[in-house]
Amino acid sequence: MDPDASGGWRFAQCFGDKGDVEDITEADIISAVEFDSTGNYLATGDKGGRVVLFERNDMKKSCEYKFYTEFQSHEPEFDYLKSLEIEEKINKIRWCKRQNSAHFLLSTNDKTIKLWKVFEKSLRVVSESNMSDGQRALPPPSLRQHLRLPRMQHQDNIIAAVPRKVFSNAHAYHIHSITVNSDQETYISADDLRVNLWNLNISDQSFNIVDIKPANMEELTEVITAAEFHPTQCNVFMYSSSKSNIKLADMRDSALCDRHAKLYEEEEDPTNRSFFSEIISSISDVKFSRDGRYILARDYLSLRIWDVNMESRPLKTIQIHDHLRGKLCDLYENDCIFDKFECTWSGDDKNTLNDVVLQADKSAFKAKKMGGPMPGNKPLGPKNGIKPGLKDAMQLEPLDFNKKILHASWHPRENTIAIAATNNLFLYSAA
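All values derive from a computational prediction rather than experimental measurement. (Residues numbered from 1 in each chain as written. Predicted model: local features only at pLDDT ≥ 70, side-chain atom pairs only at ≥ 80, totals over all residues. Heavy atoms only, no water.)

**Things to note about the layout of surface pockets**
For the second largest pocket, the calculated volume is near 930 Å³. For the lining of the second largest pocket, a count of residues per class yields 14 nonpolar, 11 polar and nine charged. (1 Å grid on protein atoms, 1.4 Å probe; cavity = no way out; pocket = protein on both sides within 12 Å on 5 of 7 lines; lining within 4 Å. Points joined across faces, edges and corners; volume = space filled by probe spheres on them. Nonpolar A, V, L, I, M, F, W, Y, C, P; charged D, E, K, R; others polar.)

Structure follows, in structure tokens:
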């Protein structure tokens, strides 16, 4: 990647098989990426139900990572009552803040959430016993005074992962969001119609705090698309909907938060309405800024930044893929118009990274980074953080729908981003 053409971002690392897209095994495709709160650890989940952890490589001056451990988080299941297969695919990973030497993280597939403990374990073996002195076999002792206790010896340190809690049977629909509360005691999980509140130490009980399911499912007009806790206020959370709005709720107001405290919605220009308007206006991801003052919302073609205190209109709207407006029919025919793209803030809240529809070319290690500065901050480039040469080049490139980036995470303290492209994890750093 040319650093001048990409706003100063340089390719740093790549993990995974670098073969052709056509040769990729479905189970190896990465479906979740997440840095921990320190940035020293990075987690990925894939469609095969595996979670892979990476650790910061302190031997390197630059921000580079090395393999830490891997474990099977979820297995495929079958719901016999509904005759439904439950995939092992990891939908989300969320780290809990570290309290001791062990790491705790939440991972979820469509139905079951698991709290994992990852820790370093000392592997000990028997070095001496009545039958062996550690080097050769001994005859059985004939006298009582010859009996001796076995002695254990440290052999190696291994990284172990054990599920501490399994949270299941609370969602009738597919789980798409989990987020840990700032109190580090509770978290919420969300599916298409409900949001549930859990305690991390209680796996057999949850509280339903949002329920938008109508009495008659034929009257269903919207679904929940994402949910997130406020980063500092443990009673506040938000959830977005397919109707292009974001609702802020306060759990102090009532046990069931169906009545929102604030509503963030921008009316669509009637002149821009089309057959695809309802699909492309659905919000796929929402994120609070790290100080909780701003909300970042992503739909198919744009990114909006809202001030929590101003519901009337967004502070900034960034049009990302105007060149795709004329290709919506093609995207609809191959179902790419239904892809759910994520968005994320930089560690200092000054820039945003939204995940790019096109191209993450393995052979050239290309991944287009697009971002928008916060109002009043120095912009990254001439327009919305995108240099004209890069944007023009994107419009001229042929569409390859297999090369899209759905998942990314930004280092909380440095300008380093982790991007999942099919079965590869790319790391980019800014100078």
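After that view of the structure, there is still more to cover.
**Some points on the packing of aromatic side chains**
What describes a pair of aromatic rings is the distance from one ring centre to the other and the angle between the planes of the rings. A full pass over the atoms with the stated rule returns 21 aromatic pairs. Where Phe-35 meets Tyr-65, the ring centres are 5.9 Å apart and the plane angle is 55°; that geometry is what we call tilted. Separated by 30 residues along the polypeptide, Phe-35 in strand E2 (residues 30–35) and Tyr-65 in strand E5 (residues 65–72) bring together distant segments of the chain. Each member of the pair, Phe-35 as well as Tyr-65, is classed as buried. Measuring from ring centre to ring centre gives 6.3 Å for Phe-229 and Phe-237, while their planes differ by 75°; the resulting arrangement is edge-to-face. No difference in accessibility class separates Phe-229 from Phe-237, as the two residues are buried. Within the aromatic cluster, the residues linked to one another by ring pairs are Phe-275, Phe-276, Tyr-332 and Phe-338. One residue, Lys-117, lies across the ring of Phe-119, its end atom 5.0 Å from the ring centre. (Phe/Tyr/Trp six-rings, centres within 6.5 Å; stacked < 30°, edge-to-face > 60°. Helix = DSSP H or I, 4+ residues; strand = E, 2+ residues; numbered from the N terminus. Buried < 20%, exposed > 50% of the residue type's maximum accessible area, 1.4 Å probe, protein only. Lys NZ or Arg CZ within 6 Å of the ring centre and 35° of its normal.)

**Re the confidence of the model for the protein**
Of all residues in the protein, 86% attain a pLDDT of 70 or more, and the chain-wide mean is 83. Within the model, the stretch residues 1–5 combines pLDDT values under 50 with nine contacts to residues more than four positions away or in other chains. Under a pLDDT of 50 for its full length, residues 355–390 has, in the predicted model, 108 contacts with residues more than four places off or in other chains. (pLDDT = per-residue confidence, 0-100. Contact = heavy atoms within 4.5 Å.)

**Focus on unusual backbone geometry**
The backbone of Ser-244 sits at a positive phi, close to 65°, despite the residue not being glycine. Assignment of secondary structure puts Ser-244 in the loop between strand E17 (236–241) and strand E18 (245–250). We classify Ser-244 as buried; its relative accessible area is 18%. Non-glycine residue Asp-335 carries a positive phi angle of around 70°. The topology assignment puts Asp-335 in the loop between helix H2 (328–333) and strand E24 (343–345).

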